[in-house]
Amino acid sequence: MPRFSANLGFLWPERPLLARIEAAAAAGFEAVELHWPYDVPAEAVRATCAERGVRLLALNTPVGDAAAGEFGLAAVPGREADFAAAFDQAVRYTVAIGAGAIHVMAGVVEPGQRDAARETFRRNLARAVDAADAHGLTLLLEPINQRDKPNYFYDRVEEAAQLIAAVGSPRLRLMFDCYHVQVGQGDVLRRLEAHLPVIGHVQIAAAPSRAEPDEGELAYGAVFETLDALGYEGFVGCEYRPRGDTDAGLAWAQRLGVRLGPVSPSAAR
């Protein structure tokens, strides 16, 4: 059975970040991943994880101007300098909290800009992997389905795999979000198998609801069995929107035969 991490962008949303870390540890999660924690001092995040024995996995690059509809900058032509600044902020924060990976958010791109955006993304990633290598970090690429985020640069895992091949760095890996793959493409198990060599992280949520992974179109018991059979050694991030109380919703784990804990301080490394 895979190891599971709590995505604190969605779980325990009513609590401040440090309290969410404590809740994840109390629920038995071995690791946590974050969205945009930049308003919380890095030293406080790192200390809380260390105190609770929770491993910090990853966070996202800043989105840019959210009020203007931006959702990342890495593939947006003309915003290269802004992406460089955002990426530098992400690297500094990631190193300070002791995490190991950064999801490089591509951004929203109008259809007529797609060719230019692809080249912009490739060039930005080629520069970013040098900084990642200097700090021992992994960079993650995550296609996002067009229903949830219209005109996001990419929604197919094959596009991410092509970019990874084009850049040619082992620091660059695929974040395989089963929810986004199911909504945008389907055939999740075969795509897991096809892209396992470049997968750096897996995420889960029910499709199409994005709730706890015990409803909808995906049989996550089969997903977990496939990951085991393929020899996947990474974490599976629980990036779902709880139907109600987060702790009550964790009953999905028992229904699917998943054990989340217990956690000990030695789990954090």
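Thresholds, definitions, all that
Residues numbered from 1 in each chain as written. Predicted model: local features only at pLDDT ≥ 70, side-chain atom pairs only at ≥ 80, totals over all residues. Heavy atoms only, no water. Buried < 20%, exposed > 50% of the residue type's maximum accessible area, 1.4 Å probe, protein only. Helix = DSSP H or I, 4+ residues; strand = E, 2+ residues; numbered from the N terminus. Arc of directions from axis to C-beta. Contact = heavy atoms within 4.5 Å. Phe/Tyr/Trp six-rings, centres within 6.5 Å; stacked < 30°, edge-to-face > 60°. Lys NZ or Arg CZ within 6 Å of the ring centre and 35° of its normal. Pairing = 2+ DSSP bridges. Axes fitted to C-alpha atoms, helices over the stretch in contact; angles between N-to-C directions. pLDDT = per-residue confidence, 0-100. Core = buried A, V, L, I, M, F, W, Y, C linked by side-chain atoms within 4.5 Å. Salt bridge = Lys/Arg side-chain N within 4 Å of Asp/Glu carboxyl O. Parallel < 35°, antiparallel > 145°, perpendicular 65-115°, else oblique. Left-handed = near helix turned anticlockwise from the far one by under 90°. Nonpolar A, V, L, I, M, F, W, Y, C, P; charged D, E, K, R; others polar.

1. Describing helix α7 (residues 188-195)
Thought 1: Taken together, the buried positions of α7 are Val188, Arg191, Leu192 and His195. One side of α7 carries all its buried residues, which in axial view fall inside an arc of 105 degrees. Among the exposed residues of α7, those pointing more than 90 degrees away from its buried face are Arg190, Glu193 and Ala194.
Thought 2: On the buried face of α7, the contacting elements are α5 (157-167), β7 (172-177), α6 (178-184), β8 (199-204) and α8 (220-230).

2. Considerations on the packing of aromatic side chains
Aromatic rings in a pair are described by how distant their centres are and how their planes are angled relative to each other.
Thought 1: Applying the stated criterion across every chain yields a total of 13 aromatic pairs.
Thought 2: Ring centres of Phe71 and Tyr152 lie 6.1 Å apart, and the angle between their planes is 70 degrees; on these two criteria the pair is classed as edge-to-face. Taken together, the positions of Phe71 in the loop between β4 (58-60) and α3 (80-97) and Tyr152 in the loop between β6 (138-141) and α5 put the pair 81 residues apart, joining distant regions of the chain. Of the two residues, Phe71 and Tyr152, both sit in the buried class.
Thought 3: A ring pair is formed by Tyr152 and Tyr154, whose centres lie 6.1 Å apart and whose planes are at 35 degrees; its orientation type is tilted. Across this residue pair, the class does not change: Tyr152 and Tyr154 are buried.
Thought 4: Across the ring face of Phe153, the terminal group of Arg114 is positioned such that the distance to the ring centre comes to 4.9 Å.

3. So, the sheet that holds β7
Thought 1: Here 9 strands make up an open sheet; going across it, the order is β3-β2-β1-β9-β8-β7-β6-β5-β4 and the pairing parallel. Here the strands that pair on one side only, and so sit at the sheet edges, are β3 (55-56) and β4.
Thought 2: The pairing of β6 with β7 spans 3 bridges and is parallel. Each residue of the ladder has a partner; that of Leu141, found in β7, is Leu174.
Thought 3: Lying over the sheet, α7 contacts β7 and β8, oriented at roughly 165 degrees with respect to β7.
Thought 4: Its contacts with the sheet place α8 against β1 (3-7), β8 and β9 (235-238), and it is angled at close to 165 degrees to β8.

4. Points about the confidence of the model for the protein
Thought 1: Of all residues in the protein, 97% have pLDDT values of 70 or greater, and the mean over the chain is 95.
Thought 2: Ignoring residues within four places in sequence, the model shows residues 262-269, a span with pLDDT below 50, making 16 contacts including any to other chains.

5. Let's talk about the nonpolar core
Thought 1: Ranked by internal contacts, the top residues of the largest apolar core, which has 84 residues, are Phe4, Phe121, Leu141, Phe176 and Trp252.
Thought 2: For this core, the element with the highest residue contribution is α3, accounting for 7 residues.
Thought 3: Among all residues touching Leu141, those that are not within four sequence positions of it are Val104, Phe121, Leu125, Tyr154, Ala160, Leu163, Ile164, Leu172, Arg173, Leu174 and Met175.

6. Description of the pattern of salt bridges
Thought 1: All told, the structure shown has 23 salt bridges when counted by the stated rule.
Thought 2: Ionic pairing is found between Arg123 and Glu80, a salt bridge with its closest N-O pair at 3.8 Å. Linking Arg123 in helix α4 (residues 114-135) with Glu80 in helix α3, this pair joins segments that are 43 residues apart in sequence.
Thought 3: By relative accessible area, Arg123 is classed as partly exposed at 32%.
Thought 4: We note a salt bridge from Arg210 to Asp177, for which the minimum N-O separation is 3.9 Å. Here Arg210, found in the loop between β8 and α8, pairs with Asp177, found in strand β7; they are 33 residues apart in sequence, far enough to count as distant. Here Arg210 matches Asp177 in class, with each residue buried.
Thought 5: Put simply, Arg147, Asp148, Asp177, Arg210 and Glu239 are held in one network by salt bridges that share partners.

7. With respect to the packing of α7 against α8
Helix-helix packing is characterised by the crossing angle of the two axes and by the distance between the axes.
Thought 1: At a closest axis distance of 10 Å, the pairing of α7 and α8 adopts a crossing angle of 20 degrees. Taken together, α7 and α8 sit at an angle that is classed as roughly parallel. The handedness of the crossing between α7 and α8 is right-handed. Across the interface between the two elements, Leu189, Leu192 and Glu193 from α7 touch Ala222, Val223, Thr226, Leu227 and Leu230 from α8.
Thought 2: The residue makeup of the contact of α7 with α8, split by class, is 6 nonpolar, 1 polar and 1 charged.

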